[in-house]
Amino acid sequence: MKPIQISIDGKKIECFEDETLLWVALDHGIYIPNLCMAREMAEPYGACRLCYVEVEGNDWPVTACTTKVKEGMVVHTKGETSLRIARTAFELILSNHPVDCAHCMKSGSCELQKIAKHLGVKLKTKRFKKFLRDLPIDETSPVLIYDPNKCVQCGKCVWYCQKQIGISEIGFAYRGFQRWVTTFDNKPVGLSECGERIELAEICPVGSFVARNKRDSESRINEIGG
Ligand code: FES
């Protein structure tokens, strides 16, 4: 790969042509909000719409996760238009998310908290009407708790199970506000192989998949007939 130089927020950066702009920025200590991208993804999913930045010479902001760097590129991560789009996308995500950090096991490491601070948006924003789901919390896995109500539909858990470990047991179901991640046939997570993958708690950027300790998991599996 050819070494090149670009500028992000006035900082001169040496990188390689065709690297992904999002990772170049993050690797050089410049935070760009993101929920749906993982470094190992062959193709960016581009779903969260939080990673907008402005590139000089472009009429419209671009998503950093789908943009490759080029020699001489000049990037601004705090342009007015890109921040406005990212804030709107973020507030729409929050309109579907129950914000109860005091009782959430991801509090402190939740990406939503970090993004809210970065964008200057209150987690309890009232800009959009709240549409919350009321789905049962799945505690059947020996290592995970899955709360579908907190899912932000980043798709990382689906990508991880399907593409990284080759288990096609979870995926998106339904459409629009009803869309959520579930196992096929709506089986409890504890009865799927994905339910044994503690990594999901790391991959999930919010409190939807969290690690549990093993205590009482066996009785739960027995209750559901596993
Ligand atoms: S990280 Fe770019 S759209 Fe989600």
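The structure we're discussing is the one just above.
Residues numbered from 1 in each chain as written. Predicted model: local features only at pLDDT ≥ 70, side-chain atom pairs only at ≥ 80, totals over all residues. Heavy atoms only, no water.

A.B. asks: Report on the environment of histidine 103, specifying residues and quantitative values.
C.D. replies: Locating histidine 103 in the fold gives a position in the loop between helix 2 (80-94) and helix 3 (111-119). Residue classification places histidine 103 among the exposed positions, given a relative accessible area of 66%. Spatially, the C-alpha atom of histidine 103 lies 27 Å from that of alanine 47, the residues being 56 residues apart in sequence. (Helix = DSSP H or I, 4+ residues; strand = E, 2+ residues; numbered from the N terminus. Buried < 20%, exposed > 50% of the residue type's maximum accessible area, 1.4 Å probe, protein only.)

A.B. asks: Describe in detail empty space enclosed by the protein, supporting the description with residues and values.
C.D. replies: Counting across every chain of the model gives 3 cavities of 30 Å³ or more. Tallied by class, the residues present in the lining of the largest cavity amount to 7 nonpolar, 3 polar and 2 charged. Taken as a whole, the second largest cavity spans an internal volume of roughly 80 Å³. Taken together, 13 residues form the lining of the second largest cavity, with Cys151, Cys154, Cys157, Cys204 and Ser208 sitting closest to its centre. (1 Å grid on protein atoms, 1.4 Å probe; cavity = no way out; pocket = protein on both sides within 12 Å on 5 of 7 lines; lining within 4 Å. Points joined across faces, edges and corners; volume = space filled by probe spheres on them. Nonpolar A, V, L, I, M, F, W, Y, C, P; charged D, E, K, R; others polar.)

A.B. asks: Residues and numbers for the pairing of strand 7 (residues 170-173), please.
C.D. replies: Here 4 bridges tie strand 7 to strand 8 (residues 180-183), and the two strands are oriented antiparallel to one another. In the strand pairing of strand 8, phenylalanine 172 is matched with valine 181. The turn linking strand 7 back onto strand 8 is made up of 6 residues, and tyrosine 174 within it adopts a positive phi angle of 65°. (Pairing = 2+ DSSP bridges.)

A.B. asks: Could you give an account of the nonpolar core, naming the residues involved and the relevant values?
C.D. replies: In this structure, Ile6, Ile8, Leu35, Phe90 and Leu112 are the most contacted members of the largest nonpolar core, which totals 66 residues. With 6 residues, helix 2 is the single largest residue contributor to this core. In this structure, this core is formed jointly by two domains, domain 1 (1-130) and domain 2 (133-226), each of which donates at least three residues. The residues touching leucine 112, leaving out its near neighbours within four places in the chain, are Leu35, Phe90, Ile93, Leu94, His97, Leu123, Val152 and Val206. (Core = buried A, V, L, I, M, F, W, Y, C linked by side-chain atoms within 4.5 Å. Domains from an automatic or database assignment. Contact = heavy atoms within 4.5 Å.)

A.B. asks: Describe in detail the pairing of strand 3 (residues 52-55), supporting the description with residues and values.
C.D. replies: Sheet topology note: the strand 3/strand 4 (residues 62-63) ladder contains 2 bridges and is antiparallel. Counted as the bridge partner of valine 53 is valine 62 from strand 4. What sits between the antiparallel neighbours strand 3 and strand 4 is a turn of 6 residues, in which glycine 57 has the positive phi angle 100°. Pairing geometry for strand 3 and strand 5 (residues 74-76), over 2 bridges, is antiparallel. Residue pairing across strands places glutamate 54 opposite histidine 76, the latter belonging to strand 5.

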